[in-house]
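Structure at a glance
The primary structure of each chain is shown beneath.
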Amino acid sequence: MSTKITVRGAHKVFSTKKGDVDVLDGVDLDVMEGEFLVIVGPSGCGKSTLLNCMAGFELVTSGSIRIDGAEVREPSRKRVFVFQEAGIFPWFSVWDNIGFGLGNLPFEEKHEIVMRYIRLVGLEGFEKAFPSELSGGMKQRVEFARALAVEPDVLYLDEPFGALDALTRLGMRSEIIRIWRETKKTCILVTHDVEEAVELADRIAVMTKRPATVHSVLQNDLPRPRDPDHPGFRALKDKIFGILGVER
Amino acid sequence: MKLRTLLFGAIGFALFLGFWHWQTYGNAIGDLPGPWLTARGLGEIAVQGILWENIVASVFRVAWGFSLAAGIGIPLGLALGWYPSLRAVFNPLVQALRPISPIAWLPFAVILFGGYPMSSDLSAIFLLFMSAFFPIVTASTSAAASLDPRYIRSASNFGVGGIAFFRRVMLPATLPQILTGLRLALGIAWVVVVAAEMLGVESGLGYQVMDSRNALRMDYVAAAMVVIALIGLLLDMGMARIEAAALARRGMSRR
Ligand SMILES: Nc1ncnc2c1ncn2[C@@H]1O[C@H](COP(=O)(O)OP(=O)(O)OP(=O)(O)O)[C@@H](O)[C@H]1O
Ligand SMILES: [Mg+2]
């Protein structure tokens, strides 16, 4: 596996009225092509900020973030962001939402792509529905399909299941793993749910408190589908909790 | 449920009519007219035909003033909302001009449009423009300024910018607030048209009120007021309909 993204000495300082806020304090991280990397860390440590910088929505203050060797300077369709709460457009139908990034393709082609991704996320029959008619989990699926339809190399997922109820969240975890296996994208997911991290990740980057650095990157070779009661699962969870300084 | 609402509303009207009748009982035409005199007056002006001409004149002025205000106010407001530097320069000005009653512009309107044909129409339309413009600009500005950052990021992530961004994200996202602004503006314009027509014009419902007063026909004055209320109500219901339809078509019906 080759390296897809390299983060070197990434610093991010926000200037606010109350002075400068150091958020990232020299983050080093490598993301492999096609892997599922999960970033965990204490609340407010700068996980979203790191992801935003990797996506090109924000620029690092110093240091570098390169994808395939090229510095990230702006957002691109090659790397798509899935938002915490459904960021799909309420004024578009499911079909129009998924086709949003497809530009001016002829209708036939667009339709074929849109329907392919509607099938992939299991929303057949809901093409014409509006987001207001969908459940939270379904909206999240639309968002996945919209991101995948432009065939990006990298998917950024910032607590994508944060707005869902516990049951739907469990279902969506296996769903995202299935989609990841079918599409072979590089996935970088942020969460503060340690169990979610162990269930999903090939590797887990654990961040420190703000100003944040990467404390350690843990390999997770547990076979999928993963069983939370497996001793290896528990051991890895405990290790992460240990790093985060949570007594259990 | 619907019947209940109607019934309760009717009670309010009945109470008002009773009070009105009681207070004006036995009044002559030159005095405060009662409900009965008003109804009779309404019948009289309706057959005279002049009422219809006045309605057309008022609606025509409002339509022009309102359309111009929307045509200029929406794009300007969206631009102010979208570009912070533009907003920093012009929003204080807009907010400072907004509290001036549109009627106060009348002397200048007369100077500005005095020499033109239909000058009285032009100055009335100008006043209506001023009354509708500010609510529309303000609503559009705040709609564009409060555009959800996730929408902006999604659009830039998928490479949707320029005209496509405006058409597919900005406009639909701001539509609900713009429609509310338009409805408010139309209501204000209708209130202002009557005042504007009381000064220096020879047609319209405001003129009808003044003209009847000068003829000491207070029953006609009250009748004109009833007509003003009814048309105002119709305009507002029409706007509410358009609002609901536009939002429903986009899957965004309120609640
Ligand atoms: N645009 C900004 N301007 C100023 N400060 C910011 C900005 N964005 C984030 N911050 C600050 O940076 C810190 C990290 O924020 P960030 O959202 O990256 O944390 P997070 O780890 O994603 O938190 P959470 O777990 O709550 O999602 C916070 O203290 C936040 O207040
Ligand atoms: Mg976050």
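Counting restarts for each chain: residues are numbered from 1 in the order of the written sequence. Whichever chain is written first is A, and whichever ligand is written first is 1; the rest continue in order. This being a predicted model, a pLDDT of at least 70 is required before a residue's local features are given, and a value of 80 or more before pairs of side-chain atoms are given or counted; all residues contribute to the totals for chains, interfaces and linings. Calculation of side-chain values draws on the structure's entire complement of heavy atoms; hydrogens and water are dropped beforehand.

A few points about the domain arrangement of chain A
Residue and element names in this part refer to chain A. Splitting chain A by domain gives domain 1 (1-78 + 153-248) and domain 2 (84-151). Marked domain ranges trace back to an automatic or database domain assignment. The distance between the C-alpha centroids of domain 1 and domain 2 comes to 25 Å. Here, two residues are considered to be in contact whenever any of their heavy atoms come within 4.5 Å of each other. Counting from both sides, the interface comprises 20 residues of domain 1 and, opposite them, 14 residues of domain 2. Taken as a group, Arg 77, Met 172 and Ile 179 account for 31% of the area that domain 1 buries against domain 2, more than any other trio of residues on that side. Here a salt bridge means any side-chain nitrogen of Lys or Arg lying within 4 Å of a carboxyl oxygen belonging to Asp or Glu. On inspection of domain 1 and its partner domain 2, the count reaches one salt bridge. Arg 141 is paired through a salt bridge with Glu 175; the nearest N and O atoms lie 3.2 Å apart. Counting of polar contacts relies on pairs of N or O atoms within 3.5 Å, with two restrictions inside protein: one atom must be capable of donating a hydrogen and the other of accepting it, and residues adjacent in sequence are counted only when both atoms are side-chain atoms. Taken together, domain 1 and domain 2 are joined by four residue pairs in polar contact (both at pLDDT 80 or more). Secondary structure elements with two or more residues in the side of domain 1 that touches domain 2: strand S7 (154-158) and helix H5 (166-183). Helix and strand labels come from DSSP, where a helix needs a run of H or I of at least four residues and a strand needs a run of E of at least two; each type is numbered from the N terminus. Per element, the largest residue contribution to the side of domain 1 that touches domain 2 is eight residues, and it comes from H5. When two parts are brought into contact, each loses some accessible area as probed by a 1.4 Å sphere; the total of that loss over both is the buried area.

Considering the interface of chain A and chain B
Listed per partner, the contact involves 26 residues of chain A and 18 residues of chain B. Counting each side, the surface lost to burial between chain A and chain B is near 1900 Å², with a carbon and sulfur contribution of 62%. Summed over the shared surface of chain A and chain B, the result is one salt bridge. Note that Glu 58 of chain A and Arg 153 of chain B form a salt bridge whose closest N and O atoms lie 3.5 Å from each other. Breaking the side of chain A that touches chain B down by element, the ones donating at least two residues are strand S6 (79-82) and helix H4 (136-149) of chain A. In terms of residue count, S6 of chain A provides more of the side of chain A that touches chain B than any other element does, three residues in total. When residues are grouped by polarity, Ala, Val, Leu, Ile, Met, Phe, Trp, Tyr, Cys and Pro land in nonpolar, Asp, Glu, Lys and Arg in charged, and all others, Gly among them, in polar. Residues of the side of chain A that touches chain B, tallied by class, amount to 15 nonpolar, six polar and five charged.

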